[in-house]
Amino acid sequence: EDRTLGSASDTELTFKILWWKGGEKAPSLATEVSLNIPTARKEFQPDEKRRVGVTGLVALTGEAGPLRYILDLGGGAEPSPKDADYVGVFLWAVAGELTIADRVALVTEFQGKVMPEAEADTTALLGLTYTTPGGVKFDIAGFAGLTDGSDNWGITFGLTYAFPISGK
């Protein structure tokens with residue numbers, strides 16, 4: 001009631017650094033820093049919230065048989081839902097990726113965000129990834145909110161390209 005459907009949400013630009021490439025039994029360790037850029041239409045996002053948020057997290061990635069798993073834990077600063085200040089945010093995620101065809105994987109993820117003066121935002125996601133022969137990874141997924149602080153549902157898509165910044 002009194003809500004309008006349809007709008008692009010914010011855009012996230014993420015920089016990831018792989019610090020340790022794990023082996024058969026040890027997970028890989030990476031860090032991510034993200035900028036949450038307010039790109040939603042103004043009627044869906046009041047002016048006082050149209051500021052960039054910054055988050056960072058630590059990611060562990062490993063393999064358990066045919067399943068690739070990802071565990072994320074982090075935090076950052078985002079615009080407050082109540083006023084013009086920034087507030088701390090706590091982030092977590094657990095994800096799994098299962099290859100189902102050549103260069104195609106099925107992905108599922110549970111993620112959450114907790115911030116002061118706001119209801120917890122917890123979602124479940126199901127989607128697909130496709131990696132081109134050139135190493136560009138496309139993903140698309142649908143998600144559903146699991147708590148009152150979450151969007152009811154949505155669609156997300158992304159593009160990932162990895163490139164070395166050193167000769168190592």
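Let me sum up the structure you'll find in this document. Model, not experiment: these values are computed from the prediction.

Rules used in this analysis
Residues numbered from 1 in each chain as written. Predicted model: local features only at pLDDT ≥ 70, side-chain atom pairs only at ≥ 80, totals over all residues. Heavy atoms only, no water. Pairing = 2+ DSSP bridges. Helix = DSSP H or I, 4+ residues; strand = E, 2+ residues; numbered from the N terminus. Axes fitted to C-alpha atoms, helices over the stretch in contact; angles between N-to-C directions.

For strand 2 (residues 28–37) and strand 3 (residues 53–64), the ladder comprises nine bridges, and the chain directions are antiparallel. Counted as the bridge partner of Ser28 is Thr61 from strand 3. Two strands pair when backbone bridges link them, and strand 3 and strand 4 (residues 67–79) are joined in this way by eleven bridges, in the antiparallel orientation. Across the sheet, residue Leu60 finds its bridge partner in strand 4, namely Leu71. Taken together, strand 3 and the strand that follows it, strand 4, pair antiparallel across an intervening segment of two residues, in which Gly65 is found at a positive phi of about 65 degrees.

Turning next to the sheet that holds strand 2. Across the sheet, nine strands lie side by side as 1-2-3-4-5-6-7-8-9; this open sheet has antiparallel pairing. Since the sheet does not close on itself, it has two edges, and those belong to strand 1 (11–20) and strand 9 (153–161), each with one partner. Ignoring which end each strand starts from, the neighbouring axes of this sheet average 20 degrees apart.

Once that is clear, we can look at unusual backbone geometry. In the Ramachandran plot, Arg103 falls in the positive-phi region, its phi being about 70 degrees despite a non-glycine side chain. Assignment of secondary structure puts Arg103 in the loop between strand 5 (86–101) and strand 6 (104–114). Even without being glycine, Glu117 reaches a positive phi, approximately 60 degrees.

In short, geometric facts, not functional conclusions.
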